[in-house]
Amino acid sequence: MQLHGFHHLTAVTAQPRQNLQFYTGTLGLRRVKKTVNQDDVSAYHLFYGDGAASPGSDITFFHWPAARERRGGRSIVRTGFRIGHGATLGWWQQRLCDVGVAGISLTERDGRPTLDFEDPEGLRLSLIVDEKSKAAPLWEKSSVPAEHQLRGLASIHLSVSDFAGNAEILTKVMNMKSVREYELEDQHVHVFQMAEGGPHAELHVRVETDALVTRHGAGGVHHVAFRTPDSEQYQRWIDRLEEKKIPNSGPVDRFYFRSLYFREPNGILFEIATDGPGFDADEPLAQLGERLSLPPFLENRRAEIEAGLPSLD
């Protein structure tokens, strides 16, 4: 029983219009779903991904009027996206510089050429060269040329103080492999691999025992979700968490996928999510993200929900 990489990563924005412009305009991603947080329908849940809304391509945002995150430990501290080659890295460096993006730094991390930067609210992002990755389904309306479009999520970095507890969850519960270690400035980083590995299936765990605990807010990450292919595997993960006596949400039907939530020992929220049914469950693939989509159990509240949401366009 293996996880197959990242399904999506969800962060927080207090500025949804600015967020939409950055991720679709600057980064050239497709808005693949415009919906609401199913547990708080006063908040948008915006999904950005590749042209086909492929699992593993999505970065998503809850719109909450929160203060900026206070950075610290026991949190997800950096989110990667894959690109195909070094020339694309140079293209992106120039593009981000031209529009005044903050935190731009060209480096090599864990043996891979990497471009670090931040979104307008300070969410820490990276572009990572992965020449073995397949080109993502194109988004024909993207502002980014086809050869430079992002190819999906890449290495995600955690900061933890309780490394032993984190490693036990990753290896003995989630069946990841500890594959290597490296130094990052004054931090020791452990790399854990899902399934066949590669940047789309690696967690990089930084050990920071003395770091202040993160105060979550805008520009911070809410949770990371991992891929499981189908309902049969999903049920096995539910059974596994119960057998290990790990507190969890139990099965949650998000309509577009099924979810299972739990926290690792540092308090970081993990989700296991199915690849399907997919974002075209309630609208044609060609029209994804163009209107407010609501799962069937919220459809009878559409007028109320729409009245409480700000305009994005």
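Structure: above.
Residue numbers here run from 1 along each chain, matching the order of that chain's written sequence. Totals for whole chains, interfaces and linings use every residue, but because this is a predicted model, local features are given only for residues with pLDDT of at least 70 and side-chain atom pairs only at 80 or more, for both listing and counting. The side-chain numbers reported here are obtained from all heavy atoms of the structure, hydrogens and water having been left aside.

Trainee: Explanation requested: the environment of Asn166 in the structure shown.
Mentor: By the criteria applied, helices consist of DSSP H or I runs no shorter than four residues and strands consist of E runs no shorter than two, each listed in order from the N terminus. Tracing the sequence through the fold places Asn166 in helix H3 (residues 163–173). In the structure, Asn166 is positioned 98 residues away from Glu264 in sequence and 6.1 Å away in space, judged by C-alpha atoms.

Trainee: Sorry, what's going on with the side chain of Thr114 here?
Mentor: Its place among the elements puts Thr114 in strand E7 (residues 112–118). Polar contact criterion, stated in full: a pair of N or O atoms within 3.5 Å, where within protein one must be able to donate a hydrogen and the other to accept it, and residues adjacent in sequence count only if both atoms are side-chain atoms. A polar side-chain atom of Thr114 sits 2.9 Å from the main-chain carbonyl oxygen of Arg112. Any two residues whose heavy atoms approach within 4.5 Å are treated as being in contact. Every residue in contact with Thr114, bar those within four places of it in the chain, is listed here: Leu89, Ser105, Leu106, Thr107, Arg109, Ser126, Leu127 and Ile128.

Trainee: What should I look at first to understand helix H2 (residues 86–98) in this one?
Mentor: Along an α-helix, a turn takes 3.6 residues, which lines up residues three or four apart on a common side. Take the residue count of a helix, subtract one, and multiply by 1.5 Å to get its expected span. Taking 1.5 Å of rise per residue, the 13 residues of H2 would be expected to cover 18 Å, and the 19 Å separating its terminal C-alpha atoms lies within 8% of that figure. Exposure is judged per residue with a 1.4 Å probe applied to protein chains only, and the accessible area is read against the type maximum: over 50% gives exposed, under 20% gives buried, and values in between give partly exposed. For H2, every residue scored as buried is listed here: Thr88, Leu89, Trp92, Arg95 and Leu96. One side of H2 carries all its buried residues, which in axial view fall inside an arc of 130°. Turned more than 90 degrees from where H2 packs its buried face, Ala87 and Asp98 sit exposed. Where H2 is buried, its residues contact helix H1 (16–26), strand E5 (75–83), strand E6 (105–109), E7 and strand E8 (124–129). Looking at the residues trailing H2, positive phi occurs at Gly100, about 75°. Directions from the helix axis toward the C-beta atoms define the arc.

Trainee: Just to check I follow, could you spell out unusual backbone geometry for this structure?
Mentor: Put simply, Gly276 and Pro277 share a cis peptide bond, and its omega is 5°. Along the chain, the position of Pro277 falls in strand E16 (residues 269–277). Of note in the backbone geometry, Ala53 takes a positive phi value of approximately 55° without being a glycine. Mapping Ala53 onto the fold places it in the loop between strand E3 (40–49) and strand E4 (58–63).

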